[in-house]
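# Inside the fold
Next come the chains, spelled out residue by residue.
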Amino acid sequence: MELLVASAIGVLTACGLYLTLRLRTFPVILGISLLTYAVNVFLFSSGRLTIGAPPILRDNIDSYADPLPQALVLTAIVISFGMTAVVVMIALGAFLGSDDDRINDPLDEESTGSGETQ
Amino acid sequence: MSLFLIVALPFFGALLPGLMNSAGRQACAGITFTVSLTAFIGLLTNLPAVLAGEVVSARVEWMPSLGMNFTLMLDGLGFFFALLILGIGLLIIAYGRAYLSRKDNMGEFFTYLLLFQGAMVGIVLSDNILLLLVFWELTSLSSFLLIGYWKHLPEGRQGARMALTVTGMGGLALIGGMLLLGQIVGSYDLSVILENRELIQASPLYLPALLLILLGCFTKSAQFPFHFWLPHAMAAPTPVSAYLHSATMVKAGIFLMARLWPVLSGTPEWFYIVTTAGLITMVLGAVIALFKHDLKALLAFSTVSHLGLITMLLGTGTTFGAMAAVFHILNHATFKAALFMSAGIVDHEAHTRDIRRLGGLRHLMPVTFTIATLAALSMAGIPLLNGFLSKEMMLEEATHTVLFGAPWLVPALATFGSLFSAAYCFRLIGHTFLGPVRDDYPTTPHDPDAGMWLPPAILVVLVVVIGVAPFLVQDFVFLVAKSVIGGVAELEVKYIKIWHGLVPALFMSIAAVVGGLLMMAVFKPALRLWDAAPRPEAKTIFEGLIARLVSLAEGLIHGLHNGAFSRYGAIAAVTIIGAGTYAFVTGTVGAPTREMQPTTPVALAGWAMLVAATIAMVFLHRNRLMSLILIGIAGLMVSVGFVFFSAPDLAMTQITVEVVTIILLLLALNFLPKHSPVESSTMRRARDTVLAIAGGLVTTVMAYHFLMRDAISAPISEFHLANSYKGGGGTNVVNVILVDFRGFDTYGEIIVLGIAALLIYALTETLLSGPVRARLLNRKPDQPRAGDMHPTMMVVLTRVIMPVVLLVGFYIFLRGHNEPGGGFISGLVVSIAVVMQYMASGFNWASARLRYPYHGIIGAGVLIAGLTGIGSWFVTKPFLTSDFTYVRIPPFQEFELATAALFDLGVFLAVVGAVMLSLESFSRLARRAHTPDTEHAMDIDPSRNDPATPAKGGL
């Protein structure tokens, strides 16, 4: 089970990284969202994996999942929504203003472009 | 008067000139003078204690954990310097009033001057070296402002920048040196440091500390090879030159050397570095000064030379040297400030300071002539003036100083320097004031008002009085010298006399004066020789050095930070992966302490879906709508994973956030292109793939290691689990943590969320009021549009479901404290209910029914949460302390009332407001674009089949 979670985090990170390195805004935003999942799941897993023991206090039960990472990740999820919304708005504003959704400055496109052909 | 007040007065007083600016120049200068005078009198009230040999001190704990305390002390040395700073400051203020023209902003000038004065007084009265450093930096800053006071002059700006660079760099070194010194002694209090001579000099850190401290002192006091900034600082108004660059700021380095003399001096390192630097500076400054044609440049280099002289005296490490240094500081401050002020008068009246264009001023400006001549003769070392006495003492000390094993070296160089010193003084008098009256001055000069000549005249009176009757200041000089020496050695009392008999110093003095006169006789050929000789130009070297540093920094920055986001991303990823791998490889990992839990088929299926969706996203990301669906699957699987691993709250949050995020991205995709073109080369894609796989691998390995081991110490969650019900009154520990244990954290987060939403709103407003608006109005949809704008089924369904969803939200909110739920989740659920109305029935329909603006809801939420927190102050508890009680209102069951629920209400409102404001902003853009959106829901788009409407040409 641990291996599944660890590899899921890895896959989310890898795909998120790849998409973050694309040249258009939309894939980059999706890439950042994938990275957000990866980070949230990683933080959550710092409480280790517990099955069937939610941190809701019950009589006669004294084994619970670690509540603190859950609380921290909960706010992180909400904040990351706010962040995504702002980034999307910026991307949208840039596209509407210039009819271009490239992520890099045009000048540097050229310089990196020439660097790639070498 | 309390020492605090003496230091604070100039700082607080600095507010006044600016305020008084409109009340006229007289009022402005008058208030500045009053402030300084009050501080001066305050200082004098401490005179009896200082004369009695006491050390007056004042102490306030500031940051005791850092060893940084606001501690002031006043001993002989501090008193002496404070007297110079405040006393000459008074004369400068009076002089500045007359000097500044009507065009200059006097309030600004005096503000800077008082700031500088406060910082300077702070340096000399600090007992804590960290405090001293703060004041030290303040003098650098305020002198930058003063040198660059005439902002319109390029020389002023360049000079100010150079001074700041050099002294700022030295200040940095000084910080390092002082911290080392504090480390050695274990205290940052000067009074403690000065007691620990043996400890400091035996420490291996002595040499680095000494070098760094001397770097700070030498840059500040313009010692070779850092002497070059001082002449360029002469672009400042003359009162500034007279104050900062003769009497006070450049003496700060000297002061610090004198202050630390008891603990740093007496070692070979100190002797060789300080004496050599001082000697070179003295000779070099004197030689250059002779050939300068600008009066102020001549005086600047002469100041450099005299600072070198004082440094050399401190370097010898003998008590007589220290006493001579103290005496020369006093004498130099008097005659040099007077000379600067005289140069300012000449400049002010004749409109030139070029010696070659002057001459014969003796007849036109008799008063100025008298003042300048007496001061210059004192500087040249003519008997019966104070400069003679201290120069004689210097020469006397030089005859006893053996540098590099050559007993003749120091006396010869000292005499040589004195010779040039005498020569430039004679040149100053001869070429400016003597000779025939000329008829080609820029304007015909005459003596100024008393306001301008009185301040230097007062100083010249001191020059003569000390010169004739040195016994008047003798005891004071002894007192100051004793406090320089500290307890290190007994001051060897040598009385200051005009006539010592036929000692070697007298012959050296005579040689210098006669040589100076001879030098004047051969000045013209010497000048030709000087002009022909190649010399390094310090300014060019300095600027070349700066330019090289800047281009180096630019090369580095532009390489890393060239405006290409994907490059930053790649650099950051490589760095993080590299650093993490290095840490992982070099660190140690213990054996696994946890058993791997068995995999169930359900978990495996969920994992497979998550991984498949995520990987598919990479391959299908060019189809943006498809990738949106795929990320929805990934998000759903993450939520399911949270449920599976005992985190119901997280799952609820994740799934609701997922819904609003997808709606948001859909709204954005409405405008953005629906496909991403292939742009990057195969090489680049391969590079990114390698990077991505590396990143994925390291996170997998790290997460796996992490999951297989227990925490190295008991997590604090035990506390939360144990106290959630007892202290917080709730059984849902996650919710209790959010609204109670870590309530302040949550409070910050809802504020951040609110700010993000407001930012989105502001961006939308900007877009809609700018050129984008026209583009949006003219925009043609790039996709065929649905036949029915508001499908009946959907409208009916959403309206029916609305109360149900609201009820669910309400329920989730209420039970949040004890069961999964709470403000965050119910806020998201309610937002979804409202968003559904926007989607189904249209923007106009929904916003017409909107009672409260979303900004207000965010504000109300933050306010309620904040007030709930503040409420606990009324029962004298810290911010956000929660309380709860159980009540029973028949016929209901007993239920709980907690202040945390009120806080959660704030969270709820803030979340609803923020989510709705974001989504609403996006849909406002959409509304502008697709024009016909009617008030009526459940309609058929009337324009759809109308071929006359060009906007629908897409069909």
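For the structure, see preceding data.
Rules used in this analysis
Residues numbered from 1 in each chain as written. Chains lettered and ligands numbered in written order. Predicted model: local features only at pLDDT ≥ 70, side-chain atom pairs only at ≥ 80, totals over all residues. Heavy atoms only, no water. Helix = DSSP H or I, 4+ residues; strand = E, 2+ residues; numbered from the N terminus. Rg over C-alpha atoms; globule rule 2.2 N^0.38 Å. Buried < 20%, exposed > 50% of the residue type's maximum accessible area, 1.4 Å probe, protein only. Contact = heavy atoms within 4.5 Å. Areas by Shrake-Rupley, 256 points an atom, 1.4 Å probe, with all protein chains shown as cover. Lys, Arg positive; Asp, Glu negative; His and termini not counted. Charge placed at Lys NZ, Arg CZ, Asp CG, Glu CD. Axes fitted to C-alpha atoms, helices over the stretch in contact; angles between N-to-C directions. Parallel < 35°, antiparallel > 145°, perpendicular 65-115°, else oblique. Patch = residues over 30% accessible without salt bridge, like charges linked within 9 Å, V, L, I, M, F, W, Y side chains within 5 Å. Salt bridge = Lys/Arg side-chain N within 4 Å of Asp/Glu carboxyl O. Pairing = 2+ DSSP bridges. Buried area = accessible area lost by both parts, 1.4 Å probe. Polar contact = N/O pair within 3.5 Å; in protein donor to acceptor, adjacent residues only side chain to side chain. Nonpolar A, V, L, I, M, F, W, Y, C, P; charged D, E, K, R; others polar.

### Focus on the overall build of chain B
Assigned secondary structure in chain B consists of 41 helices and four strands. Taking 30 Å as the expected radius of gyration for a compact globule of 955 residues, we find that chain B reaches 40 Å, considerably beyond that expectation. Judged by the C-alpha coordinates and their principal axes, chain B covers about 115 × 70 × 65 Å. Here chain B, with 955 residues, has 55% of them falling under the buried criterion. In chain B, the share of contacts with a sequence separation of at least 24, taken over all contacts with a separation of at least 6, comes to 79%. Element-wise, carbon and sulfur atoms account for 71% of the exposed surface of chain B, whose accessible area totals about 40200 Å². If the 57 positive side-chain charges of chain B are averaged to one point and the 54 negative ones to another, these points end up 9 Å apart.

### Topic: unusual backbone geometry
All names here are of chain B. Of the consecutive residues phenylalanine 224 and proline 225, the connecting peptide bond is found in the cis state with omega at 5°. In this structure, alanine 222 takes a positive phi of about 55° despite not being glycine. Of note, leucine 384 is a non-glycine position whose phi angle comes to about 75°, a positive value.

### Regarding the packing of helix 2 (residues 25-45) of chain A against helix 3 (residues 67-98) of chain A
All names here are of chain A. Contact pair helix 2 / helix 3: the axes reach a minimum separation of 10 Å and the direction vectors enclose 175°. It follows that helix 2 is roughly antiparallel to helix 3 by the angle criterion. Two secondary-structure elements touch here, helix 2 through Thr25, Ile29, Ile32, Ser33, Thr36, Asn40, Leu43 and Phe44 and helix 3 through Pro69, Gln70, Val73, Ala76, Ile77, Ser80, Met83, Thr84, Val87, Val88 and Ala91.

### Digging into a nonpolar patch on the surface
Residues and elements named next belong to chain B. Residues Met609, Ile615, Phe619, Leu620, Met626, Ile629 and Ile633 make up a contiguous nonpolar surface patch of about 640 Å² in total accessible area. At the level of elements, helix 29 (601-620) and helix 30 (624-644) are the ones that each hand at least two residues to the nonpolar patch. Per-element accounting of the nonpolar patch gives the leading share, four residues, to helix 29. Taking relative accessible area as the criterion, methionine 609 reaches 42% and is therefore assigned partly exposed.

### Notes on the pairing of strand 1 (residues 56-63) of chain B
All names here are of chain B. Pairing of strand 1 with strand 2 (residues 68-74) involves seven bridges; the strand directions are antiparallel. Bridge pairing in strand 2 places glutamate 61 opposite asparagine 69. Connecting strand 1 to the next strand, strand 2, in antiparallel fashion are four residues, including glycine 67 with a positive phi near 75°.

### A few points about the environment of B:Asp347
Residue and element names in this part refer to chain B. Within the secondary structure layout, aspartate 347 lies in helix 18 (residues 319-350). On the basis of relative accessibility, which here comes to 16%, the residue aspartate 347 falls in the buried class. Taking the C-alpha atoms as reference, aspartate 347 lies 30 Å from leucine 15; in sequence the two are 332 residues apart.

### Things to note about the interface of chain B and chain A
Put simply, an interface is often sized by how much accessible area is lost when its parts join up. If you look at the interface, chain B gives 115 residues, while chain A gives 86 residues. Regarding the contact of chain B and chain A, the summed buried area is about 9100 Å², with carbon and sulfur atoms giving 75% of it. Looking at the side of chain B facing chain A, the largest losses of area belong to B:Phe645, B:Ser646 and B:Leu707, adding up to 8% of the total buried there. Inspection of the chain B/chain A interface yields 26 residue pairs in polar contact (both at pLDDT 80 or more). Broken down by element, the side of chain B that touches chain A gets its largest block of residues, 15 residues, from helix 32 (residues 682-707) of chain B. Within the side of chain B that touches chain A, the residues separate by chemical class into 66 nonpolar, 32 polar and 17 charged.

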